[in-house]
Amino acid sequence: MENREPVQIGAIGTDEDLKVIKTFSRGICLKNAEDLTEETEKLIHMTKEVAAQGKPEKEVMEKMKQTFPSFHYVVVWTMSTYELFQASLERSGISMPKCRVLALQDILQTIAMDPKKPLSFETALTEAGIPYVSNYLHYSKHDAQYLYELFRTMYSRYAALTEKETCIVNPRSRIIHSPDCRYAKSGQEENGARKLLFSGYRPCRICGTEKEWRRFQWEPFYKSAKKEKEPEDLRTLPLTDQNIRRICGIFGLKCKIISNVVLITTSAGEWRLNITEDQVTKVFHENYRIGRSEFFKKSKKWSEGFHRQEIRTDNFYDVARYIYYHDRDRIRGKKNRIDFLFEKIKKEAEPCRTIQEK
């Protein structure tokens, strides 16, 4: 830890209902950017030149303190992240507010898989169905957002699954036991909820190792990696909701599943796929240019504003791959004069549309 320096910091502040109220993101200048190796540059999405352009560590941490003067909980993926954050504050002469530190990796190891098996951040996002872009991982601004979504999603799911279950709480040691744990001392009331795992309480090492707290069955990273190495394996997967999200995650596509329709969103537009018996039967793509009559229409059918896209495959993996390259190339292409005119017309028409709706 003595030789480690932060190059980025990203944080999200929420209220008690886990609603976002503040965000913070900064690049931090390294003392010597030449210490960066090629592997580290790829990992953090920074070159030596960019790393040298960040703000001084003390200045960034003072801004962080101004943005978040106090907080009750700090959620990190691993404790090493918190230790790096704490060391940075100490070097800047800033004291850490009293708070509870939650390592989300440890919590998910308890409720979703064997604690002895490794759980990567990317595996957790995939298994939880959190849309993410692979190229954005290890970039603090995006990691903070993914971490927030992962924590909120898993907290709500676990709270719902264990709503009617109780546990025995030791308020002094902040250890929680199953009701029949032999290490639960007499006199402790059975008034705790199992979701206390997400509030800084840790399970008893005895009853916590007997699958007492697990409610999800996730696979370790290395098993998932072996499955995804061969493209033909992905093409033959049954189209369950989990497999659809996994395939979309590989290509960085955001998806929403409604019955037998998959809604896919990219940075260039939207797609709608009809699924029947593990095959893609129809593909609709959002119109690039919207007609005036269609733009001012109050109620539309679900397919209006879309056109049928002919793709010579019914395999979901191949269709997702096609969408990825189609929209990637579209973003890279330069806009011509006509495109700018259409965008200008759309912006000017927006106030008229608002008045009509009112």
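Refer to the preceding data block for the structure.
Rules behind the numbers
Residues numbered from 1 in each chain as written. Predicted model: local features only at pLDDT ≥ 70, side-chain atom pairs only at ≥ 80, totals over all residues. Heavy atoms only, no water. Phe/Tyr/Trp six-rings, centres within 6.5 Å; stacked < 30°, edge-to-face > 60°. Helix = DSSP H or I, 4+ residues; strand = E, 2+ residues; numbered from the N terminus. Buried < 20%, exposed > 50% of the residue type's maximum accessible area, 1.4 Å probe, protein only. Pairing = 2+ DSSP bridges. Salt bridge = Lys/Arg side-chain N within 4 Å of Asp/Glu carboxyl O. Contact = heavy atoms within 4.5 Å.

Novice: Just checking my understanding: could you explain the packing of aromatic side chains for this structure?
Specialist: Each aromatic ring pair is summarised here by two numbers: the centre-to-centre distance and the angle between the ring planes. If you walk through the whole model with that rule in mind, you get eleven aromatic pairs. Centroid distance Y158 to F198: 6.0 Å. Interplanar angle 50°. Geometry classified as tilted. Here Y158, found in helix α7 (residues 140-161), pairs with F198, found in the loop between β7 (192-193) and β8 (202-203); they are 40 residues apart in sequence, far enough to count as distant. Here Y158 matches F198 in class, with each residue buried. Both rings, one in F251 and one in Y324, keep their centres 5.9 Å apart while their planes meet at 40°; by these two values the pair is tilted. Taken together, the positions of F251 in the loop between α10 (241-250) and β9 (254-258) and Y324 in helix α12 (residues 316-332) put the pair 73 residues apart, joining distant regions of the chain. The exposure class assigned to Y324 is partly exposed, which follows from its relative accessible area of 28%.

Novice: Even after reading the chapter, I still don't get the sheet that holds strand β6 (residues 175-177), so can you show me in this structure?
Specialist: Within a sheet, neighbouring strands are paired by backbone hydrogen bonds and run either parallel or antiparallel to one another. The four strands are arranged β7-β5-β6-β8 in an open sheet whose pairing can be described as mixed. Pairing within the sheet leaves two strands with one partner each, and these edge strands are β7 and β8. Pairing between strand β5 (residues 166-170) and β7: two bridges, direction antiparallel. Of the residues in β7, the one forming a bridge with C167 is G192.

Novice: Mind showing me how you'd approach the pattern of salt bridges here?
Specialist: Opposite charge on two side chains allows them to pair when their charged atoms are near. This structure, assessed with the given rule, holds five salt bridges. Here R215 and E165 are joined by a salt bridge, their closest N and O atoms 2.6 Å apart. Linking R215 in the loop between β8 and α8 (221-229) with E165 in the loop between α7 and β5, this pair joins segments that are 50 residues apart in sequence. Here R215 falls in the partly exposed class, since its relative accessible area comes to 28%. Relative accessible area serves as the criterion here: at 27%, E165 is assigned to the partly exposed category.

Novice: Explain the environment of T236 to me, please; I cannot follow it from the model alone.
Specialist: If you trace the backbone, T236 turns up in the loop between α9 (231-235) and α10. Residue class for T236 comes out exposed when judged on its relative accessible area of 62%.

Novice: When you look at helix α5 (residues 104-112) in this model, what are you seeing that I'm missing?
Specialist: Along an α-helix, residues three or four apart share an orientation, since each turn contains 3.6 residues. Across the nine residues that make up α5, a large majority, eight, are buried. Of the positions making up α5, those classed as buried are L104, Q105, I107, L108, Q109, T110, I111 and A112. Against the buried residues of α5 lie β3 (73-76), β4 (100-103), α6 (121-128), α7 and β8.

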